[in-house]
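Coordinate inspection notes
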Amino acid sequence: MNSKVHQGHRARKRFGQNFLHDQHVIDCIVAAIHPKNDQTLVEIGPGLGALTEPVASLIDKLNVVELDKDLAKRLESHPFIRDKLTIHQADAMRFDFSSLLEEGKKLRVFGNLPYNISTPLMFHLFSFANKVQDMHFMLQKEVVNRLAASPGTKAFGRLSVMAQYYCAITPVLEVPPGAFKPAPKVDSAVVRLEPYDQLPFVAHDVKVLNKVCTMAFNQRRKTLRNSLKKLFTEEQLEALGIDANNRPETVSVEQYVKLANWLYENPPAELDEE
């Protein structure tokens, strides 16, 4: 089924294209997504249809967001699934995912995300988190490790805090380079992100939370006393129950939210100027 679609398309480096072809891996991902007919499913970057075909075979309609015009055209004329697809030839990083909402249904989003845009795309998707039931993504294994990392580990960083602020995160399976054509130089993994119906900790302003995390982790080898000195005095950190001698990866999501909320209520001049 894939052979016809594969012919004649070269992976484009500028789009970060690596096409999935390992049938066992494909079956495992489709099983993890578990698509059903009464759901609003959205695939980002369908590429040559490795996931699109088996998912579409289980349901009546599927939205796809594809930047590459040639690939979008191929899907429009796909012999088996074209009638089930609503194709949005667009940049997922700028796409308004809320435009796909159907009454009474949240979005179920999945895709093999290009490695070069996976982190900024994730941040874009978090802005729609309250409209999303779940997301299943193939990513660089290192990115999945960062998404799921616990405080106190090396992989814990800004992406961990922001993702875990919005979502419960579950690594689903690891995928070797040989599952793709061309084979990437890194291992991949599939992750499930399930946005919370009710956030465990609520930030007054997510931009402030992001700013605190950015400042902390941009200098992750420094203690919080130094990395956050433009935003907090040592006494203010201590009053919030945070040891100023600690490094940013030791601070929990709840504590980052606490810092951001205090800062929102007590903004220093630097924050006002930006």
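What you see is a predicted model; the values in this text were computed from it and never measured.

**Digging into the pairing of strand S9 (residues 188-195)**
One face of the sheet, then the other: side chains in a regular strand alternate in exactly this way. The element S9 is extensively covered by neighbouring structure, given that six of its eight residues are classed as buried. Here strand S6 (residues 132-140) runs beside S9; their pairing, made up of six bridges, is antiparallel. When the bridges of S9 are listed, Phe 137 appears paired with Val 191. Two strands pair when backbone bridges link them, and strand S7 (residues 167-175) and S9 are joined in this way by eight bridges, in the antiparallel orientation. Looking at the pairing, Val 175 lines up with Ser 188 of S9.

**Concerning the confidence of the model for the protein**
Of all residues in the protein, 92% attain a pLDDT of 70 or more, and the chain-wide mean is 91. When the criterion is pLDDT under 50, residues 1-16 qualifies, and its contacts beyond four places in sequence or with other chains add up to 37 contacts.

**A word on the packing of aromatic side chains**
Aromatic ring pairs are defined here through the distance separating the ring centres and the angle between the ring planes. Applying the stated rule across the entire model yields eight aromatic pairs. Geometrically, the ring pair formed by Phe 123 and Phe 126 is edge-to-face, given 5.9 Å between the ring centres and 70° between the ring planes. You can see Phe 123 and its partner Phe 126 sitting in helix H5 (residues 118-126), three residues apart, about one turn around the helix. You can call Phe 126 buried: its relative accessible area is 2%. With centroids separated by 6.3 Å and ring planes inclined at 70°, the aromatic side chains of Phe 156 and Phe 217 adopt a geometry described as edge-to-face. In this pair, Phe 156 is assigned in the loop between helix H6 (141-148) and helix H7 (158-166) and Phe 217 in helix H8 (residues 206-218), connecting sequence segments 61 residues apart. Both residues of the pair, Phe 156 and Phe 217, count as buried.

**So, the environment of Tyr 196**
Within the secondary structure, Tyr 196 is located in the loop between S9 and H8. For Tyr 196, a relative accessible area of 30% translates into the label partly exposed. The spatial distance from the C-alpha of Tyr 196 to the C-alpha of Asn 130 is 7.7 Å, given a sequence separation of 66 residues.

**Focus: the side chain of Glu 43**
Tracing the backbone shows Glu 43 in strand S2 (residues 40-44). Buried Glu 43, no salt bridge; nearest opposite-charge side chain is Lys 84, N-O distance 13 Å. A distance of 2.6 Å separates the side chain of Glu 43 from the side chain of Thr 52, its partner in a polar contact. In this structure, Glu 43 is in contact with Leu 51, Thr 52, Leu 62, Asn 63, Val 64, Val 65, Phe 110 and Gly 111, ignoring residues within four places of it in sequence.

**Quick notes on the environment of Lys 258**
Turning to its location among the elements, Lys 258 is positioned in helix H11 (residues 253-265). Each C-alpha atom, one on Lys 258 and one on Gln 39, is 36 Å from the other, the two residues being 219 residues apart in sequence.

**Details of the UniProt feature "domain: Ribosomal RNA adenine methylase transferase N-terminal" (unreviewed entry) in the protein**
The sites that UniProt annotates as "domain: Ribosomal RNA adenine methylase transferase N-terminal" (unreviewed entry) are residues 25-197. Regarding residues 25-197, the helix share stands at 28% and the strand share at 28%, and the terminal C-alpha atoms are separated by 30 Å.

**Overview of the UniProt feature "binding site: S-adenosyl-L-methionine" (unreviewed entry) in the protein**
Within the UniProt annotation, "binding site: S-adenosyl-L-methionine" (unreviewed entry) is assigned to Asn 18, Leu 20, Gly 45, Glu 66, Asp 91 and Asn 112. Here Gly 45 is in contact with Val 65, Glu 66 and Asn 112, once residues within four sequence places are set aside. Within the fold, Asn 112 resides in strand S5 (residues 107-112). When sequence neighbours within four positions are dropped, the list of residues in contact with Asn 112 reads Asn 18, Leu 20, Ile 44, Gly 45, Leu 51, Met 138 and Phe 180.

**Considering the nonpolar core**
Membership of the largest hydrophobic core comes to 60 residues, with the highest contact counts inside it found for Phe 97, Phe 137, Leu 147, Leu 228 and Tyr 256. Of all the elements, H8 adds the most residues to this core, at seven residues. In this structure Leu 147 touches Met 122, Leu 139, Leu 159, Ser 160, Ala 163, Gln 164, Ile 169, Val 191 and Leu 193, once residues within four positions along its chain are discounted. By size, the runner-up hydrophobic cluster in this structure holds 25 residues, among which are Ile 29, Val 175, Ala 179 and Val 190.

**Some points on helix H2 (residues 23-33)**
Turning to H2, its buried residues are Val 25, Ile 26, Ile 29, Val 30, Ala 32 and Ile 33. Buried residues of H2 fall within an arc of 160° about the axis and therefore sit on the same side. Exposed and facing more than 90 degrees away from the buried side of H2 are His 24 and Ala 31. Looking at where H2 begins, the residue whose side-chain oxygen comes 3.0 Å from the main-chain nitrogen of His 24 is Asp 22. Looking one or two residues beyond H2, the residue adopting positive phi is His 34, at roughly 50°.

The rules behind the values
Residues numbered from 1 in each chain as written. Predicted model: local features only at pLDDT ≥ 70, side-chain atom pairs only at ≥ 80, totals over all residues. Heavy atoms only, no water. Buried < 20%, exposed > 50% of the residue type's maximum accessible area, 1.4 Å probe, protein only. Helix = DSSP H or I, 4+ residues; strand = E, 2+ residues; numbered from the N terminus. Pairing = 2+ DSSP bridges. pLDDT = per-residue confidence, 0-100. Contact = heavy atoms within 4.5 Å. Phe/Tyr/Trp six-rings, centres within 6.5 Å; stacked < 30°, edge-to-face > 60°. Lys, Arg positive; Asp, Glu negative; His and termini not counted. Salt bridge = Lys/Arg side-chain N within 4 Å of Asp/Glu carboxyl O. Polar contact = N/O pair within 3.5 Å; in protein donor to acceptor, adjacent residues only side chain to side chain. UniProt positions renumbered as here; feature names shortened; annotations may be inferred. Core = buried A, V, L, I, M, F, W, Y, C linked by side-chain atoms within 4.5 Å. Arc of directions from axis to C-beta.

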